Amino acid sequence: MLLCASSDIDGGLEPENPQQFSCWTAPCPSVVPAALWLLPGLGLWLLFREMLLHAPRETFGLLSTLLLTLLLQLPVSVCRTKKAPCLSRMSPSLSRDGDLVIGGFLPLYALRVNKVTRAADFMRRPNEDCRSYQWLHKNFQQAMTIRFAVEEINRDPVLLPNVSLGFQVYNAYHSDERTLESSLQWLTGESQPVPNYSCREQDKIVAIIGGATSALSVQMGTLLELYNFPQLSFGPFDLILTDKVQFPSLYQMAPKDYSLQQGVARLLAYFKWTWVGLVTTDDLRGEEFLREMTGRMEKYGICAAFTEKIPVSERIHEESKVNFMPRIMESSARAVVIHGDTDSLMVLRHSQIPFIPMYKIWITTSHWDITMRPKYVDNYNFYGALTFTYLTSEVPGFKSFLKTVHPSKDPKDTVLRDFWFSAFQCQSKSKNLDLEQCTPNETLESLPIYLFDTTMSGLSYTIYNAVYAVAWALHEELLRKSETAPEEAGESGVPHPWQLHSFLKDIQFHNSAGDQVFMDEKRRSEAQYDIRNYVTSLNDTEFLVKVGQFLPNTQPGQDFIMHEEDINWGWLDTKIPHSVCSASCAPGYRKITKEGEPICCFSCSQCPEGEISKQTDMDQCAKCPEDEHPNKERDHCFPKVVTFLDFTGSLGTALTFVAASFSLLTALVLWVFVKFRDTPIVKANNRALSYTLLVSLSFCFLCSLLFIGRPTAATCLLRQTTFGVVFTVAVACILAKTIMVVLAFRVTRPGSSIRVWVQSRVSNCIVLVCSGIQVMLCGFWLGTSPPFPDMDLHSEPGHIIIQCNEGSDIAFYCVLGYMGFLALGSFTVAFLARSLPDTFNEAKFITFSMLVFCSVWVSFLPTYQSTKGQAMVVVEIFSILASGAGLLGCIFLPKCYVILLRPERNVLAGMKRKVNS
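Procedures and definitions
Residues numbered from 1 in each chain as written. Predicted model: local features only at pLDDT ≥ 70, side-chain atom pairs only at ≥ 80, totals over all residues. Heavy atoms only, no water. Helix = DSSP H or I, 4+ residues; strand = E, 2+ residues; numbered from the N terminus. Buried < 20%, exposed > 50% of the residue type's maximum accessible area, 1.4 Å probe, protein only. Areas by Shrake-Rupley, 256 points an atom, 1.4 Å probe, with all protein chains shown as cover. Phe/Tyr/Trp six-rings, centres within 6.5 Å; stacked < 30°, edge-to-face > 60°. Contact = heavy atoms within 4.5 Å. Lys, Arg positive; Asp, Glu negative; His and termini not counted. Salt bridge = Lys/Arg side-chain N within 4 Å of Asp/Glu carboxyl O. Polar contact = N/O pair within 3.5 Å; in protein donor to acceptor, adjacent residues only side chain to side chain. Pairing = 2+ DSSP bridges. Axes fitted to C-alpha atoms, helices over the stretch in contact; angles between N-to-C directions. Left-handed = near helix turned anticlockwise from the far one by under 90°. Patch = residues over 30% accessible without salt bridge, like charges linked within 9 Å, V, L, I, M, F, W, Y side chains within 5 Å. Parallel < 35°, antiparallel > 145°, perpendicular 65-115°, else oblique. Nonpolar A, V, L, I, M, F, W, Y, C, P; charged D, E, K, R; others polar. Core = buried A, V, L, I, M, F, W, Y, C linked by side-chain atoms within 4.5 Å. Disulfide = S-S within 2.5 Å. Expected span 1.5 Å × (residues − 1). pLDDT = per-residue confidence, 0-100.

A. Fine view of the overall build of the protein. Counting its secondary structure elements, the protein contains 28 helices and 31 strands. Split into buried and exposed, the 917 residues of the protein put 51% on the buried side. Put simply, the protein shows about 41,800 Å² of open surface, and 58% of that area lies on carbon and sulfur atoms.

Here you go:
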């Protein structure tokens, strides 16, 4: 039965010109039942499609499949109308015929949709559905890539011998409302697509290349899966699309980009941008990017100042008045990371304010072509941006091929002619201008980079590999057919699309650029990236300059390379701009996190005493090594000055001079006593003890010199023991003299029985016994825990004091205590004997000398304990000199006065006259 259906089936109008229709036979009984099935089915489909525009794509895919399955069961017979004049604009077709054909869905046009298309819009005449559109000029390179690859394959005598390959390229709309319509147009061959019907005389298409975004891949796959068509997606790699249960016929061609977030975070950390804005598309892929990106940023101490999500529907570009740029401009973050596909992020271009610099640092990912923009929008806002682009090898012959492309060489290619007129703005010059008058000598190479780039982009490179993947799969399929029964092929000898799946999933080959391509997604390599700087000159010339690389599979240290001296920062500055929440804490300071704010917002506090921070923005200060000390700014450690009580120092020289002077004075007193040894004042109170006392005092003064100079093992062993022994001898001599005075007084009494004790041997024994005990204490000290040279690192900031460690503090204080015990005994005995009526009684002098001695050493103990370092040595030397001088002055200077200045009193008769008077 011959059935005809007008394009005006929604209104039931008769065709004005019967010549506009062509009819086919179909197994349906009449036109009315077909129309009755078709109209409610399409209406139901459109209704559910509108409800699911913003639903999750998994739900969308599931329900779409169910509805389309119902529609595809309808028995329908239709007629094809002739294409309206604007049909090529609505669904442009760039094609080359061949024995086998590859279908392509590329985003070549962008529709300017002012309202959501309703079911009635879907049913209106093609000439009534002519809408405002604009070329996405840069994407035309993708179509040229398919043409280049197909022509290259057809010239290859090995890959597909005796078989010509063709292609058909359709526009892929980035709006949800047009995606499935575009797929149905391709499947049916009709401008008004009808499910389950094809107007093609013979179907030669074996595979589809499409899916510039994950959303498009899902939406197209919903329909193509019903026909088991192999779909090769050239958009960014998406982990969701690897699910072969949900997408068994979909193959992703792009390399894995799991490391992209790591590369962006490394870039931010390299330039110390810690306060960053994030802009992404409002879809699952954008959510995944935000989650991964914020996690990477946290590891480097980077905070997100804001996040902006851009709806992915293309109609938002001009219909919506949402201004993203003003919100971004208000943020204090100067670095902004942008992630998304080119067409979805075109809203940024539409919302920017022309010719007003934003002073932002843009970091864009590999999925957005930063050079692509509407003609009326200036390019200066993104001047200085850094963009990650796929690192791809140059395909031989591609640039040469583009130089030869010209509409005059292919007059039948209306799409190329339309592109040419739009790119070179011929239509704006004159509506009646022909091609020769418009661009007689122009080539694609002469177009600015925002309209066309002769360097193959990452997407085009992926498309190139996809075409070759289909060709290699066909090669394997045709090779198998040539070795098996010919009846396995279709009636026309064309392989069925579903037959390519067994070959596509395992294909691997080397392309003409020398890169190995794997169709197995598990063997797919990680993407490698060039980091390029977007530069714009005053004459609007744009170019991308390579300033770095990120190679995730390379060994550490070589995986991230930047040449910051090659970067042009645009409007910002010649130096690296800053993007921080708080000003950096200079060296010498540490960060103090503000309560309730991100970690990137902080205040600065100077490092505590003894600690430094060498770098900016340090969380904690570090202590200097023990042998170093911080400078005043607390940003560096310097070696401490090694110090000790040196002879050459002013203090050391003064103490040395005083010690030597007292020792010399003691020697002079000894010389006076020796010279006048026969005088009564010298002979009184045991002349031998006086000599011994003077000698020991002289050594007492000299032993203080052991405390001056750089301590060594020998001086540390000698200084305290020598001081203890010689002072004990001196105090023992005084004790013996005092005891002898008391004994001498008692002997003068008649009948005294202690005369035998008043002998020189007794005094000598007292000195020897008392000194011997001190020697034994010192020997025990040296034998158990002897003093040793040590470094005091903490007493004086910036100094290392070389001093003697006493070894055993108990032994040291035992030596001092014993000496103090003897001094206290001497003081007590002398005090009791001070008023004895003896002519030459020196008990008074000994009492005063012991009072001075004890006062000095009693004051020494707390002072010694309260001081550290070099001061301890000075205190001990002062105590030695003071106590020795007290003994010398109180005991011997009065006698020297009598001997030298009052000799008349140094005779026995003179002393008696003094007593009698």
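B. Layout of the packing of aromatic side chains. In the structure shown here, the tally under the stated rule is 37 aromatic pairs. Seen from their ring centres, Phe 727 and Phe 853 are 5.8 Å apart, and the 40° between their planes marks the pair as tilted. Here the residue Phe 727 occupies a position in helix H22 (residues 713–747), and Phe 853 occupies one in helix H25 (residues 843–866), the gap between them amounting to 126 residues. Residue class for Phe 727 comes out buried when judged on its relative accessible area of 0%.

C. Structural context of the side chain of Glu 521. Checked against the element boundaries, Glu 521 lands in the loop between strand S19 (516–518) and strand S20 (529–536). If sequence neighbours within four positions are ignored, Glu 521 has contacts with Phe 237, Thr 242, Lys 244, Leu 250, Tyr 251, Gln 252 and Lys 256.

D. Representation of the side chain of Lys 640. With respect to the helices, strands and loops of the structure, Lys 640 is situated in the loop between strand S28 (637–639) and strand S29 (641–643). At 7.5 Å, Asp 792 is the nearest oppositely charged side chain to Lys 640, a buried residue that forms no salt bridge. Only 3.1 Å separates the side chain of Lys 640 from the backbone oxygen of Glu 626, close enough to count as a polar contact. In contact with Lys 640, other than residues within four places in its own chain, are Glu 626, Asp 627, Glu 628, His 629, Leu 793, Gly 798, His 799 and Ile 800.

E. Region of interest: the sheet that holds strand S30 (residues 788–792). In spatial order, the strands read S29-S31-S30; together these three strands make up an open sheet with mixed pairing. Two strands bound the open sheet, and with one partner strand each, they are S29 and S30. Adjacent strand axes in the sheet meet at a mean angle of 30° when their direction is disregarded.

F. Inspection of the packing of helix H5 (residues 140–154) against helix H17 (residues 458–483) at higher detail. It is at 9 Å that the axes of H5 and H17 come closest, and there the two elements cross at 35°. When the axes of H5 and H17 are compared, the crossing they make is right-handed. On H17, the residues that touch Gln 141, Gln 142, Thr 145, Ile 146, Phe 148, Ala 149, Val 150, Glu 152 and Ile 153 of H5 are Leu 459, Ser 460, Ile 463, Tyr 464, Val 467, Tyr 468 and Ala 471.

G. A nonpolar patch on the surface, seen in detail. A contiguous nonpolar patch, built from Leu 664, Leu 665 and Leu 668 and spanning about 270 Å² of accessible area, is present on the exposed surface. Structurally, Leu 665 is set in helix H19 (residues 650–675).

H. Structural context of the packing of H19 against helix H27 (residues 893–901). H27 packs onto H19 with a crossing angle of 50° between their chain directions and a minimal axis gap of 11 Å. Taken together, the axis directions place H19 and H27 in an arrangement best described as oblique. In the packing of H19 onto H27, the handedness of the crossing is left-handed. On the side of H19, the interface is formed by Val 669, Val 672 and Phe 673, while H27 contributes Lys 895, Cys 896, Ile 899 and Leu 900. Partitioning the contact of H19 with H27 into residue classes produces six nonpolar, no polar and one charged.

I. Just the sheet that holds strand S13 (residues 275–281), in detail. Spatially, S14-S13-S15-S16-S17-S20-S21-S22 is the arrangement adopted by the eight strands of the open sheet, whose pairing is mixed. Every other strand in the sheet has two partners, leaving strand S14 (303–310) and strand S22 (560–562) as the edge strands with one partner each. Here the average twist between neighbouring strands, direction ignored, is 30°. Sheet topology places strand S21 (residues 542–550) next to S22; three bridges connect them, and they run antiparallel. Bridging across to S22, Gln 549 finds its partner in Ile 561.

J. A look at the nonpolar core. In this structure, Phe 140, Trp 186, Leu 232, Phe 419 and Val 467 are the most contacted members of the largest nonpolar core, which totals 82 residues. Among the elements that make up this core, the one with the highest residue count is H17 (eleven residues). Those residues in contact with Leu 232, other than ones at most four positions away along the chain, are Ala 207, Ile 208, Ile 209, Gly 210, Tyr 251, Met 253, Ala 466, Ala 469, Val 470, Leu 504 and Met 519. Residues Val 815, Leu 816, Ile 846 and Phe 892 belong to the second largest nonpolar core, which totals 63 residues.

K. Molecular detail of the state of the cysteines. What the rule picks out here adds up to six disulfides. Here Cys 585 pairs with Cys 604 through a disulfide, and the sulfurs are 1.9 Å apart. Taking the torsion about the sulfur-sulfur bond, which here is approximately -95°, the covalent link between Cys 585 and Cys 604 counts as left-handed. Residue Cys 585 is located in the loop between S22 and strand S23 (589–593), and its partner Cys 604 is located in strand S24 (residues 602–606); the two are separated by 19 residues in the primary sequence. For Cys 604, a relative accessible area of 37% translates into the label partly exposed. Across the disulfide, Cys 716 is cross-linked to Cys 804 (sulfur-sulfur distance 1.9 Å). Disulfide Cys 716 to Cys 804: torsion about the S-S bond roughly -85°, handedness left-handed. Taken together, the residues span a long stretch of sequence, with Cys 716 in helix H22 and Cys 804 in strand S31 (residues 799–805) at a distance of 88 residues. The same class applies to Cys 716 as to Cys 804, namely buried.

L. Representation of the pattern of salt bridges in the model. Per the counting criterion, the structure on display carries 18 salt bridges. With its nearest N and O atoms 3.4 Å apart, the salt bridge here joins Asp 97 to Lys 204. With Asp 97 in the loop between strand S5 (94–96) and strand S6 (100–106) and Lys 204 in the loop between helix H6 (176–188) and strand S10 (205–210), the pair connects residues that are 107 residues apart, well separated along the chain. For Asp 619, the salt bridge is made with Lys 591, and the minimal N-O distance between the two is 3.3 Å. Of this pair, Asp 619 sits in the loop between strand S25 (611–612) and strand S26 (622–623) while Lys 591 sits in strand S23, and the two are 28 residues apart along the sequence. Among the charged side chains, a network of salt bridges with common partners joins Arg 96, Asp 410 and Asp 413.

M. Looking closely at helix H24 (residues 809–832). For H24, spanning 24 residues, the distance from its first C-alpha to its last is 34 Å, which sits close to the expected 34 Å at 1.5 Å a residue. Taken residue by residue, H24 has Ala 811, Phe 812, Val 815, Leu 816, Tyr 818, Met 819, Leu 822, Ala 823, Ser 826 and Ala 830 as its buried positions.

N. Region of the structure containing unusual backbone geometry. Unlike most non-glycine residues, Asn 228 shows phi in positive territory, near 60°. With respect to the helices and strands, the residue Asn 228 is situated in the loop between helix H7 (214–224) and strand S11 (231–233). The phi dihedral of Asp 617 is positive, around 55°, even though this residue is not glycine. Residue placement: Asp 617 occurs in the loop between S25 and S26.

O. Fine view of the environment of Pro 903. Tracing the backbone through its elements, the reader meets Pro 903 in the loop between H27 and helix H28 (908–916). With 224 residues separating them along the chain, Pro 903 and Thr 679 place their C-alpha atoms 9.4 Å apart.

P. Main features of the environment of Ser 879. Tracing the chain through its elements places Ser 879 in helix H26 (residues 870–891). For Ser 879, a relative accessible area of 3% gives the class buried. For the pair Ser 879 and Val 858, spaced 21 residues apart in the sequence, the C-alpha separation amounts to 9.8 Å.

Q. Representation of the confidence of the model for the protein. Summing up the model confidence of the protein, the mean pLDDT is 78 and the portion of residues at 70 or higher is 75%. Element-level mean pLDDT values for the protein span from 32 in strand S2 (residues 21–22) up to 95 in H5. Taken together, the stretch residues 113–129 has pLDDT below 50 and engages in 41 contacts with residues farther than four places along the chain or on a different chain.

R. Region of the structure containing the pairing of strand S17 (residues 386–390). Counting buried positions along S17 yields five of five residues, so the element is predominantly enclosed. By the alternation rule, side chains of S17 split into Leu 386, Phe 388 and Tyr 390 and Thr 387 and Thr 389, which are all buried.

S. View of the environment of Ala 659. Checked against the element boundaries, Ala 659 lands in helix H19. Sequence separation of Ala 659 and Ile 880 is 221 residues, and the distance between their C-alpha atoms is 9.3 Å. Those residues in contact with Ala 659 that lie beyond four places of it in its chain are Phe 701, Ser 704, Leu 705 and Leu 881.

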